[in-house]
Amino acid sequence: MAGAGPKTYMGWWGNMGSTKQKYVTSYSVSPYATKPFKGALYNAFFNTFRRTKNQFLYVAIPAVIVWNVWTNARDYNEYLYTKEGREELERVNV
């Protein structure tokens with residue numbers, strides 16, 4: 001490097017043409033380790049909304065079907081135990 005003048009290109013940083021250095025270790029801390037909960041509350045709110053929105057029909061459709069079956073069975077049972085439904089109740093109970 002003695003022959004290099006002020007305007008001579010010596011190479012990119014860390015690759016100046018000299019022999020490679022040995023036994024130099026550098027350590028760094030991951031950004032996830034420094035701030036592990038950065039944005040956790042924000043992401044939790046929007047991820048919960050997104051997941052709930054995506055699963056809504058898988059829960060709502062069977063719930064509506066079960067609710068309809070339940071109410072029809074309840075109404076039919078109430079009908080069977082009225083004056084008009086006694087005849088049908090006798091036929092059903094055989």
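What this report covers is the structure whose coordinates are included nearby. (Residues numbered from 1 in each chain as written. Predicted model: local features only at pLDDT ≥ 70, side-chain atom pairs only at ≥ 80, totals over all residues. Heavy atoms only, no water.)

Overview of the overall build of the protein chain
The test is simple: We count a stretch as a helix when DSSP gives it H or I for four or more residues in a row; a strand needs E for two or more, and each element gets its number in order from the N terminus. The buried label goes to any residue with under 20% of its type's maximum accessible area, the exposed label to any with over 50%, and the partly exposed label to all in between, with areas taken from a 1.4 Å probe on protein chains only. Residue exposure ignores everything except the shown protein chains as possible cover, and the areas themselves are Shrake-Rupley values with a 1.4 Å probe.
Helix and strand counts for the protein chain stand at three helices and zero strands. Along the protein chain, helices and strands appear, N-terminal first, in the series α-α-α. Considering the protein chain as a whole, with its 94 residues, one finds that 6% of them fall into the buried category. When the accessible area of the protein chain is evaluated, it comes to approximately 9,800 Å², of which 62% is carbon and sulfur surface.

Description of the packing of helix α2 (residues 40-80) against helix α3 (residues 86-93)
Under the convention used in this document: In this analysis an axis means a line fitted to C-alpha atoms, helices contributing only their contacting stretch, and an angle means the value between N-to-C directions, from 0 to 180 degrees. Throughout this description, any angle smaller than 35 degrees is read as roughly parallel, any larger than 145 degrees as roughly antiparallel, any in the 65 to 115 degree range as roughly perpendicular, and the remainder as oblique. Residue contacts are defined here by distance: any two heavy atoms, one from each residue, within 4.5 Å place the two residues in contact.
Interhelical geometry of α2 versus α3 gives an angle of 105° and a closest axis separation of 7 Å. Considering the angle they form, α2 stands roughly perpendicular to α3. Residues Y76, Y79 and L80 of α2 form the contact with α3, whose own contacting residues are R86, E88, L89 and V92.

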